[in-house]
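Residue-level listing of the chains:
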Amino acid sequence: METTNVQNRLMSLQSNLLNFAYMLTSNRDDAYDLLQDTTLKVLDNQDKYVENTNFKGWVFTIMRNIFINNYRRASRSATIIDQTEDYYHLNLSQDSGFETPEGSYGASEITAAIDEFPEKYRVPFSMHVAGYKYNEIADEMGLPLGTVKSRIFFARQELQKRFSDYR
């Protein structure tokens, strides 16, 4: 395909690509980075584009693949493997995450909010937080698995609404 034709078609897709990138990343800066990476990749590989195929689909597929590869790379680099003798780092006591009394006050607020839930939401949610699996909760409460999952989901949503401005 002719270079100027590819560039013109690519430039006409920039706003659509940016919207798609923002949908994937949910972050403006990351979306712009993804758009830039995609544009460079398309221009570097324009000789691989076959005429009479969907150009827009080809470009969007490139963007999606770049996003997936970056996500996988970030996931792998975030994994910490403890190779010390006797797993020293894994056996260290874990910090509670509360650096100040205000942090623990937030935990008590969350606990109080959970205690205010109706029993049908509070019990399955509390069991889930305590480490029970969905099927164990369903068996214990005599409810269908889907009902248990829904109630836990709704309890999470309610907590997110109540503490949406808390940070």
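No experiment lies behind these values; they were computed from the predicted model shown. (Residues numbered from 1 in each chain as written. Predicted model: local features only at pLDDT ≥ 70, side-chain atom pairs only at ≥ 80, totals over all residues. Heavy atoms only, no water.)

## Description of the packing of aromatic side chains
With the rule as written, the count across this model stands at seven aromatic pairs. On the numbers, 5.2 Å between centres and 50° between planes, the contact of Y49 with W58 is tilted. Just as Y49 is buried, W58 falls in that class too. Note on F117 and F125: the rings are 6.4 Å apart at their centroids and 75° apart in plane angle, and the pair reads as edge-to-face. Members of the aromatic cluster, joined through ring pairs, are Y49, F55 and W58. (Phe/Tyr/Trp six-rings, centres within 6.5 Å; stacked < 30°, edge-to-face > 60°. Buried < 20%, exposed > 50% of the residue type's maximum accessible area, 1.4 Å probe, protein only.)

## A look at helix 3 (residues 28-44)
Across its 17 residues, helix 3 extends 24 Å between first and last C-alpha, which sits within 8% of the 24 Å expected from 1.5 Å per residue. Those residues of helix 3 that sit buried are A31, L34, L35, T38, T39 and V42. Buried residues of helix 3, seen end-on, are gathered within an arc of 135° and therefore sit on one face of the element. Across from the buried face of helix 3, at angles greater than 90 degrees, the exposed residues are D29 and D44. (Helix = DSSP H or I, 4+ residues; strand = E, 2+ residues; numbered from the N terminus. Expected span 1.5 Å × (residues − 1). Arc of directions from axis to C-beta.)

## Topic: the environment of M127
Tracing the backbone through its elements, the reader meets M127 in helix 6 (residues 119-129). For the pair formed by M127 and I137, sequence separation is ten residues and the distance between their alpha carbons is 6.9 Å. Look past the residues within four positions of M127 in its chain and what remains in contact with it is Y132, I137 and E140. (Contact = heavy atoms within 4.5 Å.)

## Description of unusual backbone geometry
The phi angle at S26 is positive, at roughly 60°, despite the residue not being glycine. Along the polypeptide, S26 turns up in the loop between helix 2 (14-25) and helix 3. Judged by relative accessible area, which is 55%, S26 ranks as exposed. If you check the backbone angles, N52 has positive phi at about 65° while not being a glycine. Tracing the sequence through the fold places N52 in the loop between helix 3 and helix 4 (55-78). The exposure class of N52 is exposed, given its relative accessible area of 79%.

## Examining the packing of helix 1 (residues 3-12) against helix 3
Interaxial distance between helix 1 and helix 3 falls to 11 Å at its minimum, and their mutual angle equals 160°. In terms of orientation, helix 1 and helix 3 fall into the roughly antiparallel class. By crossing handedness, the relation of helix 1 to helix 3 is classed as right-handed. Contacts from V6, Q7, L10 and M11 of helix 1 reach helix 3 at T39, V42 and L43. (Axes fitted to C-alpha atoms, helices over the stretch in contact; angles between N-to-C directions. Parallel < 35°, antiparallel > 145°, perpendicular 65-115°, else oblique. Left-handed = near helix turned anticlockwise from the far one by under 90°.)

## A closer look at the packing of helix 6 against helix 8 (residues 145-162)
Two numbers describe how helix 6 lies on helix 8: the axes approach to 8 Å, and their chain directions differ by 95°. Judged on the interaxial angle alone, helix 8 and helix 6 are roughly perpendicular. Between helix 6 and helix 8, the contacting residues are K120, Y121, P124, F125 and H128 on the first element and R151, I152, F154, A155, R156 and L159 on the second. Class assignment for the residues of the contact of helix 6 with helix 8 results in seven nonpolar, one polar and three charged. (Nonpolar A, V, L, I, M, F, W, Y, C, P; charged D, E, K, R; others polar.)

Geometric values such as these leave the question of function open.
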